[in-house]
Amino acid sequence: MNSGPGISPRIVRCPGCGQRSEFAPANPYRPFCSERCKNGDLGAWANERYRVEASPPVDGDDESSSPQAP
């Protein structure tokens, strides 16, 4: 979808700082408002501050505990 003349760009909240950010090709850091916010988010991923919860394995699901066939 092109943002041609007469079409105002979409304004979103920056995930880094919460300020208003233009979500358009003119903003190379979208959806972030700046390079600083974008790099801060990348650093959080690199330092494993964002994690996806997983349930512990259920007995019988672990293939390494099953005996190996000769």
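Keep in mind it's a predicted model, so treat the numbers as computed, not measured.

Chemist: Got a minute to help me understand the overall build of the chain in this structure?
Modeler: Helix and strand counts for the chain stand at one helix and two strands. When the helices and strands of the chain are placed in sequence order, the string is β-β-α. Within the chain, the fraction of its 70 residues that count as buried is 11%. Taking the intrachain contacts of the chain between residues at least 6 apart in sequence as the baseline, contacts between residues at least 24 apart amount to 0%. Of the roughly 6500 Å² that the chain leaves accessible, carbon and sulfur atoms contribute 51%.

Chemist: Whenever I open this one, the pattern of salt bridges confuses me. Can you help?
Modeler: Pairs can form between side chains of opposite charge once their charged atoms are near each other. Scanning all chains against the criterion turns up one salt bridge. Across the pair Arg51 and Glu48 runs a salt bridge whose closest N-O atoms are separated by 3.8 Å. You can call Arg51 exposed: its relative accessible area is 65%.

Chemist: What should I look at first to understand the side chain of Ser21 in this one?
Modeler: When you line up the elements, Ser21 lands in strand β2 (residues 20–23). Since its relative accessible area comes to 2%, Ser21 is described here as buried. Only 3.2 Å separates the side chain of Ser21 from the side chain of Asn27, close enough to count as a polar contact. A distance of 3.0 Å separates a polar atom in the side chain of Ser21 from the backbone oxygen of Phe32. Setting aside its immediate chain neighbours within four residues, Ser21 contacts Arg10, Ile11, Val12, Cys14, Asn27, Pro31, Phe32 and Cys33.

Chemist: Please clarify how unusual backbone geometry should be interpreted in this entry.
Modeler: Trans peptide bonds make up most of the peptide bonds, and negative phi angles are found at most residues other than glycine. The step from Arg30 to Pro31 runs through a cis peptide bond, and the omega angle for that step is 5°. Positionally, Pro31 belongs in the loop between β2 and α1 (35–46). Despite not being glycine, Glu48 has its phi angle at roughly 60°, a positive value. On the secondary structure map, Glu48 appears in the segment after α1.

Reading the values: the criteria
- Residues numbered from 1 in each chain as written.
- Predicted model: local features only at pLDDT ≥ 70, side-chain atom pairs only at ≥ 80, totals over all residues.
- Heavy atoms only, no water.
- Helix = DSSP H or I, 4+ residues; strand = E, 2+ residues; numbered from the N terminus.
- Buried < 20%, exposed > 50% of the residue type's maximum accessible area, 1.4 Å probe, protein only.
- Contact = heavy atoms within 4.5 Å.
- Areas by Shrake-Rupley, 256 points an atom, 1.4 Å probe, with all protein chains shown as cover.
- Salt bridge = Lys/Arg side-chain N within 4 Å of Asp/Glu carboxyl O.
- Polar contact = N/O pair within 3.5 Å; in protein donor to acceptor, adjacent residues only side chain to side chain.

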